[in-house]
Amino acid sequence: MSALANHAFAKMNGIGNEIVVVDLRDKPAVVTAEEARAVASPAGVPYDQLMVLQPPRLQGTEAFIRIYNNDGSEAGACGNGMRCVVRRLFEKTGETAVTFETPAGLLNCWQGPSPDLYTIDMGAPKFGWQDIPLAEEFRDTRYIELQVGPIDAPLLHSPSVVSMGNPHAIFWVDDVNAYDLARFGPLLENHPIFPERANITLAHIADRDHITIRTWERGAGLTKACGSAACATAVAAARLKRANRIVNISLPGGELSIDWRERDDHVLMTGTATFEYEGTFDPALFASVA
Ligand SMILES: N[C@H](CCC[C@H](N)C(=O)O)C(=O)O
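Scoring rules and cut-offs
Each chain has its residues counted from 1, running along the sequence as written. Two thresholds apply to this predicted model, a pLDDT of at least 70 for residue-level local features and 80 or more for giving and counting side-chain atom pairs, whereas whole-chain, interface and lining totals are computed over all residues. In computing side-chain properties, one takes all heavy atoms of the structure into account and sets aside hydrogens as well as water. Nearness of a residue to a molecule or strand requires only that one of the residue's heavy atoms be within 4 Å of it. Elements are defined by DSSP. Helices are runs of H or I of four residues or more, strands are runs of E of two residues or more, and each kind is numbered from the N terminus. All amino acids are sorted into three groups, where Ala, Val, Leu, Ile, Met, Phe, Trp, Tyr, Cys and Pro are nonpolar, Asp, Glu, Lys and Arg are charged, and the leftover types, Gly among them, are polar. Where each domain starts and ends comes from a domain assignment, either automatic or drawn from a database. Only protein chains enter the accessibility calculation, which uses a 1.4 Å probe. A residue is then buried if its area is under 20% of the maximum for its type, exposed if over 50%, and partly exposed in between. Pairs of N or O atoms within 3.5 Å make up the polar contacts considered here, provided that, within protein, one atom can donate a hydrogen while the other can accept it, and that residues adjacent in sequence are counted only when both atoms are side-chain atoms. By the convention used here, residues are in contact when the closest approach between their heavy atoms is within 4.5 Å. Buried area is a sum: the accessible area each of two parts loses on coming together, probed at 1.4 Å, counted once for each and added. When a carboxyl oxygen of Asp or Glu is within 4 Å of a side-chain nitrogen of Lys or Arg, the pair counts as a salt bridge.

Trainee: Would you mind showing me how to read the site of the ligand here?
Mentor: Around the ligand lies a shell of 15 residues, among which Asn 17, Asn 69, Glu 217, Gly 227 and Ser 228 are the nearest. Secondary-structure elements contributing two or more residues to the shell around the ligand are α2 (79-93) and α4 (227-239). Of the residues belonging to the shell around the ligand, the class tally is four nonpolar, nine polar and two charged. Looking at the shell around the ligand, you find at least three residues from each of domain 1 (7-120 + 274-286) and domain 2 (129-265).

Trainee: Just checking my understanding: could you explain the side chain of Thr 141 for this structure?
Mentor: If you trace the backbone, Thr 141 turns up in the loop between β8 (118-121) and β9 (147-148). Since its relative accessible area comes to 2%, Thr 141 is described here as buried. Engagement of the side chain of Thr 141 in a polar contact is seen with the backbone oxygen of Phe 127, the distance being 2.8 Å. Other than its neighbours up to four places away in sequence, Thr 141 contacts Phe 127, Trp 129, Pro 159, Ser 160, Val 161 and Arg 239.

Trainee: I keep staring at the domain arrangement of the protein and nothing clicks. Help me out?
Mentor: Accessible area lost during the coming together of the parts is what is often quoted as the interface size. When cut into domains, the protein gives domain 1 (7-120 + 274-286) and domain 2 (129-265). Once you take the C-alpha centre of each, domain 1 and domain 2 turn out to be 24 Å apart. Between domain 1 and domain 2, a total of about 1200 Å² is buried, with carbon and sulfur atoms accounting for 46% of that surface. Counting every contact that joins domain 1 to domain 2 gives one salt bridge.

Trainee: I would appreciate a short explanation of unusual backbone geometry in the present structure.
Mentor: What you tend to see is this: most non-glycine residues have negative phi, and most peptide bonds are trans. Backbone torsion omega between Ile 132 and Pro 133 reads -5 degrees, so that peptide bond is classified as cis. By the element assignment, Pro 133 lies in the loop between β8 and β9. Residue Lys 241 is not a glycine yet carries a positive backbone phi of 60 degrees. Position of Lys 241 among the secondary structure elements: in the loop between α4 and β16 (246-251). Of note, the phi angle at Asp 265 is positive, near 65 degrees, even though the residue is not glycine. Looking at where Asp 265 falls in the secondary structure, it is placed in the loop between β17 (254-260) and β18 (267-271).

See below:
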């Protein structure tokens, strides 16, 4: 029987990014890709990402967090999901600061400048082609050779690539709504240049303090918001000297404030997290799961 059967969950969202939070710290079990897909099914609790808290592995951390996309794949980072986890914890314990471990490393999290805001230190970005990762060497990852559309008149081309613990490609455009991202997204997500696939973002730099984005997420598709994409875009724009290191990012589901901190290159993401409802998983969801 799945460890998730009859287990409690919280349905939340991070500016429209659909999140389910499950605390398995009292029942150490590894959620399988099949179980993650079962939870995301229409009979379950449809989500973009599932955040599973496992018992802490390191002294001083609250939990080890595994992150699942709704296709069952695991990710190294999920900014919107982390704010949801932090809100749940702070409301339960009254704490205002906490450290979690994720596959991408240690994340320090704290109450933001107002009670409805949470700040996550998403760590330092990586730019090396092997860190993204890319399937071949690109010495300058501010622009790589990748395009869609006619060879002589590509619709999208020359993206910046960044890892926030998960892979991101950012295409710079004048209007993020002028492209059929539902069509181009999967082609680019699964392009052979990305051996681990990639999150695909369209970004318009309105001015040095404000960028608008829309993202096709690896393993989840078109979502209303992608926190790690907001971080990756802010960093990539600053690398191109087209934006400041502190910027506001507008996503379809809401706003995020990003600070690419000078002293240690860590990326601080601040935004809201919304609680919707809580429940327990119906065991029938996992009847056909091995
Ligand atoms: N789809 C992403 C994981 C979730 C990222 C996003 N929801 C966020 O808020 O950062 C990936 O496979 O890398």
